[in-house]
Amino acid sequence: MKNQFLSFLTFFLLFIATSIQAQIKSKVWYDGNARVMYDRNVLAGSNLDQTDTVSSRSTGQGFSKIDLGIHFTPVKDIEINSSIRLQNDFGGMWGNRNTVALRSLSATGVIKNKIRFSVGDLFLNQSKYTLYNYSQELAKYEPSVFNFYREYINYENYYIKNYWRLQGIQTNFSYNMYKFIEQIDLDIFSSRVRGSQWLGDPELLMIGGTTFIRLNKNFKIGSHYINTFEVMSSSNTNVAYYNPVITAKIIYSDKIYEKYPYSLIFEGGLSQRGWRGDEFAPETNGSFFSSSFKSKIKSSNVSLSFRYVDTDFRSIGSQSRRIHYSLTPTSYPFYNNNFTQRKISLLDIVSDPNIYNQKLSTSLMNYNPMYSATMPYGDATPNRIGAEINIEDINVTYFLKLNLDAKYFTEISGQGTREKRDFLNGVIYSKLFLNKIFDLNRPIIIETSFNSENVKRAGSAIEKISLNNHLLSGGVSIGIIENLNLICGAKMFSSKGNEYLIERNKYDEIIDYDKVTYANEEKIVIAGLQYYFEKDTYITLQFNHFNVLDVDNVKDEFSMKRLVFMFNMNL
Amino acid sequence: MSFNYINNIIMFIFLIFPYFSFSQNYIDSTFQSNQPSVKDPISSLRMSGYFRYLGYVRNFQDIYALDIDNYYSGEYPQPTTISIGTGYREPMLMLSISGKTKKKLTFGTDLLMNSPFNGDFDNNLLSLYLGSNLYSTLNTSVGNFSLQAGGIRWYRQSKLTAWAEEGYLRYSLFERAPYDPLTREVSDRYSSYYKKGSISQDLRFGNIAFQGITFTGSSMRGLYNSELSFQSILGKTQNNIGEIISYGKDDYAAGIRVNNSFANSSFALNYFTSFTATDSVRYNYRTFSIYSSEFDFKLQNLRFSGEFGLGTYESHLIDKSIGEIILFNFDIPKEYLGIPFKIQYSRIAPEAVNVNSSFQNTTVLDLVNTTVIEEGTDATVLSSFGGPVNNLGYLANNREGYSLNTEFKLGDLVVSLGTGFYYELERINSNFSYSHNTTGLMLSRISYFSSGYGPYSQFNSYYRGVFENVNIQDSIYSNDSLVATGLIDPNGLPLFDKFYCSSDFHLKYKINVFDKNLYLFSLTNYNTAQDFLSFFPVINSSAFIRSFNHQIDVCYEISKSTNLVFKHATERVICNEFTDFDDKDPYPNDNSWGVTENYEPSFKSRNQYGKIIGAGIDIKLNDGAYLFLRHSYFHFFDENFSATNIKGSESTFELKINF
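Given the structure is predicted, the values throughout are model-derived calculations rather than measurements. (Residues numbered from 1 in each chain as written. Chains lettered and ligands numbered in written order. Predicted model: local features only at pLDDT ≥ 70, side-chain atom pairs only at ≥ 80, totals over all residues.)

**Concerning the overall build of chain B**
Stage number 1. Scanning chain B from N- to C-terminus turns up 4 helices and 34 strands.
Stage number 2. Counting across all 659 residues of chain B, residues that qualify as buried make up 38%.
Stage number 3. Within chain B, counting contacts between residues at least 6 apart in sequence, those at least 24 apart form 61% of the total. (Helix = DSSP H or I, 4+ residues; strand = E, 2+ residues; numbered from the N terminus. Buried ≥ 20, exposed ≤ 12 C-beta atoms within 10 Å, placed from the backbone. Contact = placed C-beta atoms within 7 Å.)

**Section: the overall build of chain A**
Stage number 1. For chain A, the helix and strand inventory stands at 6 helices and 24 strands.
Stage number 2. If you line up chain A on its principal axes, its C-alpha atoms span 70 × 65 × 65 Å.
Stage number 3. By residue count, 39% of the 571 residues in chain A fall in the buried class.
Stage number 4. Intrachain contacts of chain A at a sequence separation of at least 6 include 62% that bridge at least 24 residues.

**Here's the deal with helix α2 (residues 188-196) of chain B**
Residues and elements named next belong to chain B.
Stage number 1. Taken as a whole, α2 has its buried residues at Arg-189, Tyr-190, Tyr-193 and Tyr-194. Down the axis of α2, the smallest arc covering the buried residues is 125 degrees, so these residues share one side. Of the residues in α2, the exposed ones pointing more than 90 degrees away from the buried face are Lys-195 and Lys-196.
Stage number 2. Here the buried face of α2 lies against β21 (413-424), β28 (499-513), β29 (516-530) and β30 (545-559). (Arc of directions from axis to C-beta.)

**Some details on the domain arrangement of chain B**
Residue and element names in this part refer to chain B.
Stage number 1. Assigned domains of chain B: these are domain 1 (91-134) and domain 2 (140-165 + 206-373).
Stage number 2. Inter-centroid distance (C-alpha atoms) of domain 1 to domain 2 is 30 Å.
Stage number 3. On the side of domain 2, 7 residues touch domain 1, which itself brings 6 residues to the contact.
Stage number 4. For the side of domain 1 that touches domain 2, the per-class residue count stands at 3 nonpolar, 3 polar and no charged. (Domains from an automatic or database assignment. Nonpolar A, V, L, I, M, F, W, Y, C, P; charged D, E, K, R; others polar.)

**Let's talk about the sheet that holds strand β18 (residues 387-389) of chain B**
Residue and element names in this part refer to chain B.
Stage number 1. Reading across the sheet, the 5 strands line up as β18-β22-β25-β24-β23 and stay open at both edges, with mixed pairing between neighbours. Looking at strand neighbours, the two that pair on one side only are β18 and β23 (451-453), the edges of this open sheet. Within this sheet the neighbouring strands show an average axis-to-axis angle of 35 degrees, counted without direction.
Stage number 2. Summarising the sheet, strand β24 (residues 459-462) and strand β25 (residues 465-471) pair through 3 bridges and their orientation is antiparallel. The residue bridging Ser-461 from the neighbouring strand is Val-466, located in β25. (Pairing = 2+ DSSP bridges. Axes fitted to C-alpha atoms, helices over the stretch in contact; angles between N-to-C directions.)

**Things to note about the environment of Gly-69 of chain A**
Residues and elements named next belong to chain A.
Stage number 1. Here Gly-69 shows up in strand β2 (residues 58-73).
Stage number 2. Separated by 35 residues in the primary sequence, Gly-69 and Ser-104 have C-alpha atoms spaced 8.7 Å apart.
Stage number 3. In this structure, Gly-69 is in contact with Tyr-30, Asp-31, Gly-32, Asn-81 and Ser-83, ignoring residues within four places of it in sequence.

**Focus: the pairing of strand β22 (residues 510-534) of chain A**
Residues and elements named next belong to chain A.
Stage number 1. Examined bridge by bridge, strand β21 (residues 484-504) and β22 share 21 bridges and lie antiparallel to one another. Bridging from a neighbouring strand, Ala-490 pairs with Val-525 of β22.
Stage number 2. Between β21 and β22, which pair antiparallel and follow one another directly, the connecting turn spans 5 residues, one of which, Asp-508, has a positive phi of 75 degrees.
Stage number 3. With 14 bridges connecting them, β22 and strand β23 (residues 537-550) associate as antiparallel partners.

**Let's talk about the confidence of the model for chain A**
Stage number 1. Model confidence for chain A is summarised by a mean pLDDT of 91, while 95% of its residues fall at 70 or above.
Stage number 2. Confidence over residues 1-25 of chain A falls short of pLDDT 50; this stretch has 27 contacts with residues more than four positions distant or in other chains. (pLDDT = per-residue confidence, 0-100.)

**Overview of unusual backbone geometry**
Residue and element names in this part refer to chain B.
Stage number 1. Residue Arg-282 is not a glycine yet carries a positive backbone phi of 95 degrees.
Stage number 2. Arg-282 gets classed as buried once you count the C-beta atoms within 10 Å, which come to 21.
Stage number 3. Phi angles above zero are rare outside glycine, and Phe-603 is one such case at about 60 degrees.
Stage number 4. By the element assignment, Phe-603 lies in the loop between β31 (562-575) and β32 (607-622).

**Describing the nonpolar core**
Stage number 1. By size, the foremost hydrophobic cluster in this structure holds 97 residues, and its most contacted members are Val-350, Phe-567 and Met-569 of chain A together with Phe-107, Leu-111 and Leu-134 of chain B.
Stage number 2. It is strand β24 (residues 558-570) of chain A that contributes the most residues to this core, 7 residues altogether.
Stage number 3. When we break this core down by domain, the ones giving at least three residues each are domain 1 (91-134) and domain 2 (140-165 + 206-373) of chain B.
Stage number 4. Within the second largest apolar cluster, 32 residues are counted, among which are Leu-443, Ala-543, Val-573 and Ile-612 of chain B. (Core = buried A, V, L, I, M, F, W, Y, C linked by C-beta atoms within 7 Å.)

**Description of the environment of Phe-328 of chain B**
Residue and element names in this part refer to chain B.
Stage number 1. With respect to the helices and strands, Phe-328 occurs in strand β15 (residues 321-332).
Stage number 2. Considered as a pair, Phe-328 and Glu-294 are 34 residues apart in the sequence and their alpha carbons are 9.6 Å apart.
Stage number 3. If near-sequence neighbours (up to four positions away) are discounted, Phe-328 is found in contact with Gly-306, Gln-344 and Tyr-345.

**A look at the pairing of strand β7 (residues 183-194) of chain A**
Residue and element names in this part refer to chain A.
Stage number 1. Two strands pair when backbone bridges link them, and strand β6 (residues 164-176) and β7 are joined in this way by 9 bridges, in the antiparallel orientation. If you follow Gln-170 over to β7, its bridge partner there is Phe-189.
Stage number 2. Hairpin connection between β6 and β7: a loop of 6 residues separates the two successive antiparallel strands.
Stage number 3. Both β7 and strand β8 (residues 203-214) contribute to a ladder of 11 bridges, which runs antiparallel. In the sheet register, Ile-188 faces β8, and the bridge partner there is Gly-209.

**With respect to the environment of Ser-321 of chain B**
Residue and element names in this part refer to chain B.
Stage number 1. Within the secondary structure, Ser-321 sits in strand β15.
Stage number 2. On the neighbour-count criterion, Ser-321 (17 C-beta atoms within 10 Å) is partly exposed.
Stage number 3. Each C-alpha atom of the pair Ser-321 and Glu-351 lies 5.8 Å from the other, and the pair is 30 residues apart in sequence.
Stage number 4. Every residue in contact with Ser-321, bar those within four places of it in the chain, is listed here: Thr-312, Tyr-313 and Glu-351.

**Let's talk about helix α3 (residues 147-156) of chain A**
Residue and element names in this part refer to chain A.
Stage number 1. Considered for burial, the residues of α3 that qualify are Phe-148, Tyr-149 and Ile-153. Buried residues in α3, looked at end-on, bunch into an arc of 130 degrees, giving them a common side.
Stage number 2. Residues of α3 that are buried in the fold lie against α5 (346-351), β23 and β24.
Stage number 3. Among the residues trailing α3, Tyr-158 stands out with phi positive, at a value near 60 degrees.

**Describing the confidence of the model for chain B**
All names here are of chain B.
Stage number 1. The share of residues in chain B with pLDDT of 70 or more is 90%, and the mean pLDDT across the chain is 87.
Stage number 2. Of the regions scoring below 50 in pLDDT, residues 12-28 engages in 19 contacts with residues more than four places distant in sequence or in other chains.
Stage number 3. Predicted confidence for residues 370-382 stays below pLDDT 50, and this span has 36 contacts to residues more than four positions away or in other chains.
Stage number 4. Across the assembled chains, the prediction reports ipTM 0.84 with pTM 0.87.

In structure tokens form, the structure reads like this:
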């Protein structure tokens, strides 16, 4: 049936447009992405003949694929979009290891030039506390030599900016007025987060709405509402999950001395989460408040913010994480003579799209405090109060740019103790244009970033927490000829200290703590060539070296080299 | 705050909002939860391909019985076969999609769509045909470069590195291959073959299938006003996809050719290598490499061309061994001797192994189990191993030899003929193999990509062909008792040298009958294998194997849009008394189902006959739309192995439309 459907769809999309041209004026156009990627991993490390006599010394894989986006307009102001993936894996010939699959299907349009609607595969985003797909950890201010991995991961997982990919219907429109209110915006959507399962969980639906009222050119008020709930009657269960969240937002914008634009944003909201029909399930009610000041001073974007997010604040749309720590990494999931299962580490976060999550989670997903302790669920991380300052695009001189970000947060409630954790996180990023200093024709750019995170908790010996995570990243890009760059980069990660991992039950209640100590050192080194045809269209050939070491357990050190080729073409 | 209350309001608005009317126009600055589309369209997208509907009906009048352990025993279960398409992976609709983006970047992919039209709608197939490819070109002042990556690319480098041998382009035109292109006019296939000696071929002809990265450069300035070019690959050929251990284990091929062209000559350096891991850790492996130089130049209008170098083979069990490879062509134009001659000398050492080149591997058994994965089925043996009795122009390693070819016209008669002889350099095994030139296609359709089928398990099928292995015996029957042949030592190794002869005789004639063109093609191949040197094919029973094939094709152009075609073919394979002989009942358990009861072995060697007589019509329906009808009777039998008796008919209905 699937094949039949695909055959039909392909025929329909590829041919119908031309065949019906005489009947109705139809326009067809195409876009998409094409990518070829090959990589070969080689197990590295000293003493392999003693420590690992079972793992393959090398593995290789790859694919070539074209995601052909086909758009056509059967009637005025209506567009049907689909994306068909045509993929063959490296080593598959004559029909073996190939895939023809529907990647997305949607229709968009505007009714009577007033109401915009979309049906099918949607990319939705609301507020940072209601529906928001936060970037993966340690991605902020990453040197651009690592961009190709990041772009690949985001594309494969349908991460477009901070939108979640959902399936449903969405509409929005605005209404202009002339007296006390200038404009009213209304946006509503309904999506199916999880379909019905035979003798399984009930349907999980999400509905949401946003309204903004612009009182004048400076002042705007609005509200977001989202509710994710299970439809009890769609299964044979007597329990149904629900999680409504509502927020109110005030935005004031103006200019300082008529020169520097700024905005003051205040947002507060409430959440509720529970399981109807389950007498053991608690109903949690939470709240949050945030205020921020944003301005553009000369070329720099400045942002100061304060946030309070209640311990019981729950929002499925904004607290679902990208990285799924319970998934198995693709490269060498097991290694050494003990057949040790490899945990997800920085190398997977940087390069493996298969550890990423594309679905909203009804419970708080696990995280690894080594990689993100301060804000594991983004701005919507519960049990946090604190402030953040962020300054981007500081032109120190004509050849040096800086970005800064600093956060200080504390817990609102102690976990397992009255003592509370303090979180201090700072990121500094610099971009140095050496070619401007030496007046060279070809670009020579050095990027560095340093991300430091400190977690502390006072108290008795058993309560004490001290964890320091540092990531130093660097990248050099040297133009050899026009558009061809020699690139190299490195990431040095270290984590030292102790923490308590939280165990939660199915209601997200904390049931236990596992004491863990960290003495980890991870390294990623890349070097290679990259040829750019234009943005998002490039060829790269690189050598990578990854090393993961737990200083307290050196026998499980993992080391791997990789040769990777990627040809990416945005159609 | 009651969330249920808010829920209801939202749902209410959501349901009724379309019924409101608004006086204001849509404003783009409005809040929108959905990601707006921001992508630019592709500048051009092109679709082409073909539709090919092949109806196939086969009816066996005589066919051997089947006796497959634990599966089936009894009469051949399907004397009549009706199918749409054959058992090969051939597209019914091949849709090729290609597009161009900015900056000289192109991409291409192709879809294969098939339906068996057997009433079961779930068996329709939509998949990639050859795969998805990305191309880029870069024209600079230094040279022009192009890079391709992705799915299958048809690739050739040099005869001894990466090449699919085409032979001397002597073949029958009656049977059509799925990839045979449509011609402009209905008779072009035959007139072109008559005039030029070749027909238009699909891109794959003469190339090997390769998947990976191809990087080429051309128009680079070399020394003394020469032009430099190069081509290189890194990836997998069709012989690197076996997944011997599991997917992802090392199995790669790489090659590079650097060519320097002068006005009337060219020289090239070649390297080709293949590496395959044969255990899960990669302690075990096998690898072969070819290093060669090519030359092509003229002196006094005499053309000298060829390739020479070294080949190596190594595995975890075998130390690296090195052997020479030499291929030398000498072309004498007709002004010297009245008719043109092509002389070829070849010497390929047993240590030189390459399963991706124009010469066949006959020395490394491990490499014979190269594989073809056919729509996810098991790996199948692709080629024979024991000394293959090849057609003229098809080389093998562990051989040295010469061939002589010529082609000339006598009025309207085109004569193309050649002969060659070869001898093995080392005694490696005592086996031979030969292909059924005439009846191979019909025999291969009995069991696709199979080893050891037939009543005596003698057939091995590959793509559109069948070969048989022949073993030299250590003892034979003489006066009802076994006597030693003296050809095999106690360890089973040969005590004789192998010599091969092959010859072609091809006639092409065109006459006008009732004001219409009539094309006659007569192709004769005669190949032998023996244990003594002979410059010409042996015609008596001293040869171990004598394989004779004669095929006559007739094409009569009855109108501008219609051709009548006929075929008559004869095949004879005779093996002498030192080869396998019929000494046992092929159906020892036949009592249970009554097939070939009272089988009496002949105690004689192969004596095979193959006959095909066929007729057909080629009709041009429109530009790019052709109908081909074929019907043929065949009979293949062995006088001495009496259970081999296959008789029947095949009909095909082929509608092919290009778009």
